[in-house]
Amino acid sequence: MDFTLTPEQETFRADVRSWLEQNIPREWTRRVMASSEVPRPEAYEFLRSWQHKLYDAGFIGLTWPKEYGGRGLSFLEEMVLHEEMSLAKAPPILNVLGVGMAGPTIIAYGTEEQKQRYPAKILSCDEIWCQGYSEPNAGSDLASLQTRAVKDGDHWVINGQKVWTSLAHVSDWMMLLARTDPTAPKHKGITYFLLDMKLPGVTVKPLRQITGDAEFNEVFFDNVRVHESQVLGGVNNGWAVGLTTLMYERLALGFGLQTRLRIAVDAVIELARQMEKGGRAITKDAVMRQKLAQLWIDTEALKYTGARAVTKLLRGELPGPEASTGKMGWVETHQKLQEIAMEIQGPYSQLMRGGDRAVEGGVWQYTFLRSRANSIEGGTTEIQKNIIGERVLGLPKG
Ligand SMILES: Cc1cc2nc3c(=O)[nH]c(=O)nc-3n(C[C@H](O)[C@H](O)[C@H](O)COP(=O)(O)OP(=O)(O)OC[C@H]3O[C@@H](n4cnc5c(N)ncnc54)[C@H](O)[C@@H]3O)c2cc1C
């Protein structure tokens, strides 16, 4: 790893820093909100306009080609941008799945027409994307998906159901995986569609989570007619295209969640400075000090795991299955952080959002509950361990 910046990259860092200083909206004062990695419903409109502002300033889609709305820069600039966003405690973006996954996959596999049509609107947040992969009987075993697409003239007719579809309730487009050849082996008969969520026959039903928010959904398809020009990367080639999306998901996890984690560590240390235990500042508690120091160390270690992935990218290689260690490390550190935030609050940890005595408006209670899903979303911890066992350590398949 050599992260010495060129003079141009140093100038880029200075530009990002001063832009953030001047442009982080004043209403973004709730520091702890910045630590949550999930866009909260009450913040959707705020985050939409924040993302648009980043786009206008050229601070989003740095590595995307210029002709598709990006800046054609390297992953080193992307890393610098995220470091500066952490330092400035900048708000997250709203179109996380579009920017992290849909856009890069369209740029990799799209026709020229598709590449002209979608990426820039993803970056500007004019069009929000969701990911239609999981089904009631296809999660970890994604290749078992049953949503069907049958050819009818120059259209495909889609029937079936997706579940756990984050942000579908505010999305304009979906990355949809559907089975187009039921006679082929299960990984081979799948096609990747760019699906307009406003087509007749698409129904979105929100699912309420343990946090009280309905952040993900069931999505039903009832004879939805999708034009053949909406296939991405070729008919029956959806498994390869879909895996590319997941590879970008891991990358996005590496950059985006690392930024949020850094902000959350600072916030939990700040929380500890304010709280007392038995009439004594909690920061005087030796065990708590050890726990906070360990959190900081784990977060630094994750930063360097992410930096290894950046090194590979700069060498023109793709991040491999070892990126699963980054996801697992993030899950463990983030869930531990949220548990420590509860411990710091002691009996106050039972006061939820809305209570007048809830610490910092009860935001930690929300992020604690939300963090339980971290070990499921983006591939469960067991599946990440299988990947490491089989593809990194070369152990026999389970
Ligand atoms: C907050 C949240 C947001 C999500 N957003 C989206 C989204 O936007 N789009 C989308 O498509 N999906 C989304 N998902 C779905 C997510 O990808 C799946 O929940 C996940 O892949 C697990 O699938 P499953 O729920 O069907 O569980 P299952 O696959 O049925 O797993 C159940 C349990 O069995 C274990 N298990 C399964 N197979 C194995 C194995 N081979 N070896 C060892 N253990 C195994 C799992 O680890 C788990 O503990 C989201 C999930 C959550 C929680």
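Residues numbered from 1 in each chain as written. Predicted model: local features only at pLDDT ≥ 70, side-chain atom pairs only at ≥ 80, totals over all residues. Heavy atoms only, no water.

Undergrad: I'd love a proper account of helix 11 (residues 381-392), names of residues and values included.
TA: Across its 12 residues, helix 11 extends 15 Å between first and last C-alpha, which sits within 8% of the 16 Å expected from 1.5 Å per residue. When helix 11 is considered as a whole, its buried residues turn out to be Thr381, Gln384, Ile387, Ile388 and Gly389. (Helix = DSSP H or I, 4+ residues; strand = E, 2+ residues; numbered from the N terminus. Expected span 1.5 Å × (residues − 1). Buried < 20%, exposed > 50% of the residue type's maximum accessible area, 1.4 Å probe, protein only.)

Undergrad: Hey, could you go over the domain arrangement of the protein chain for me, with residue numbers and the actual values?
TA: According to the domain assignment, the protein chain consists of domain 1 (7-124), domain 2 (129-237) and domain 3 (247-392). A straight line from the C-alpha centre of domain 1 to that of domain 2 covers 26 Å. On the side of domain 2, 19 residues touch domain 1, which itself brings 19 residues to the contact. Both sides of the domain 1 and domain 2 interface together cover about 1500 Å² of buried area, and 65% of this is carbon and sulfur. Broken down residue by residue, the surface that domain 1 buries against domain 2 is led by Tyr44, Leu97 and Tyr118, which jointly contribute 32%. (Domains from an automatic or database assignment. Contact = heavy atoms within 4.5 Å. Buried area = accessible area lost by both parts, 1.4 Å probe.)

Undergrad: Report on unusual backbone geometry, specifying residues and quantitative values.
TA: The residue Asn223 is not glycine, and still its phi comes out positive at about 50 degrees. Within the fold, Asn223 resides in strand 7 (residues 216-227). The partly exposed category is assigned to Asn223, whose relative accessible area is 47%. In this model, Glu360 sits at a positive phi of 45 degrees, which is unusual for a non-glycine residue. Note that Glu360 resides in the loop between helix 9 (323-345) and helix 10 (363-371).

Undergrad: Requested: an account of the site of the ligand, with residues and values cited.
TA: Near the ligand you find 17 residues, and of these Ser134, Ser140, Trp164, Thr380 and Glu382 are the closest. Here a nitrogen atom of the ligand and a side-chain polar atom of Ser166 are 2.8 Å apart. One nitrogen or oxygen atom from the side chain of Thr380 is found 2.7 Å from an oxygen atom belonging to the ligand. Notes on the ligand: free accessible area 970 Å², of which the protein chains cover 66%. The biggest single contributor to the shell around the ligand is helix 11, with three residues. (Near = heavy atom within 4 Å. Polar contact = N/O pair within 3.5 Å; in protein donor to acceptor, adjacent residues only side chain to side chain. Areas by Shrake-Rupley, 256 points an atom, 1.4 Å probe, with all protein chains shown as cover.)

Undergrad: Tell me what's going on with a nonpolar patch on the surface, and back it up with residues and numbers.
TA: A contiguous nonpolar surface patch, about 280 Å² in accessible area, is contributed by Val392, Leu393 and Leu395. Along the chain, Leu395 falls in the segment after helix 11. With relative accessibility at 46%, the residue Leu395 sits in the partly exposed group. (Patch = residues over 30% accessible without salt bridge, like charges linked within 9 Å, V, L, I, M, F, W, Y side chains within 5 Å. Salt bridge = Lys/Arg side-chain N within 4 Å of Asp/Glu carboxyl O.)

Undergrad: Lay out the pattern of salt bridges with the relevant residues and their values.
TA: Per the stated rule, a full pass over the model turns up 22 salt bridges. Put simply, Glu45 and Arg48 hold a salt bridge, and the shortest N to O gap is 3.3 Å. Linking Glu45 with Arg48, this pair stays in helix 2 (residues 44-57), spanning three residues, or about one helical turn. Taking the relative accessible area as the measure of exposure, Glu45 reaches 52% and is therefore exposed. Salt-bridge contacts for Glu215 lead to Arg370; the nearest nitrogen and oxygen are separated by 2.8 Å.

Undergrad: Account for the environment of Leu393, naming residues and giving values.
TA: Along the chain, Leu393 turns up in the segment after helix 11. In the structure, Leu393 is positioned 71 residues away from Glu322 in sequence and 9.8 Å away in space, judged by C-alpha atoms.

Undergrad: Could you give an account of helix 4 (residues 96-109), naming the residues involved and the relevant values?
TA: Along an α-helix, residues three or four apart share an orientation, since each turn contains 3.6 residues. Between its first and last C-alpha atoms helix 4 spans 20 Å; for 14 residues at 1.5 Å apiece the expected length is 20 Å, and the two agree. In the structure, helix 4 departs most strongly from a straight axis at Ala102, where the bend amounts to approximately 35 degrees and where the proline Pro104 lies between one and four residues downstream. Taking burial as the measure, the 14 residues of helix 4 include 11 buried ones, the bulk of the element. Along helix 4, the residues that are buried comprise Leu97, Gly98, Val99, Gly100, Met101, Ala102, Gly103, Pro104, Thr105, Ile106 and Ile107. (Bend = angle between axes of the 7 residues up to and from the residue.)

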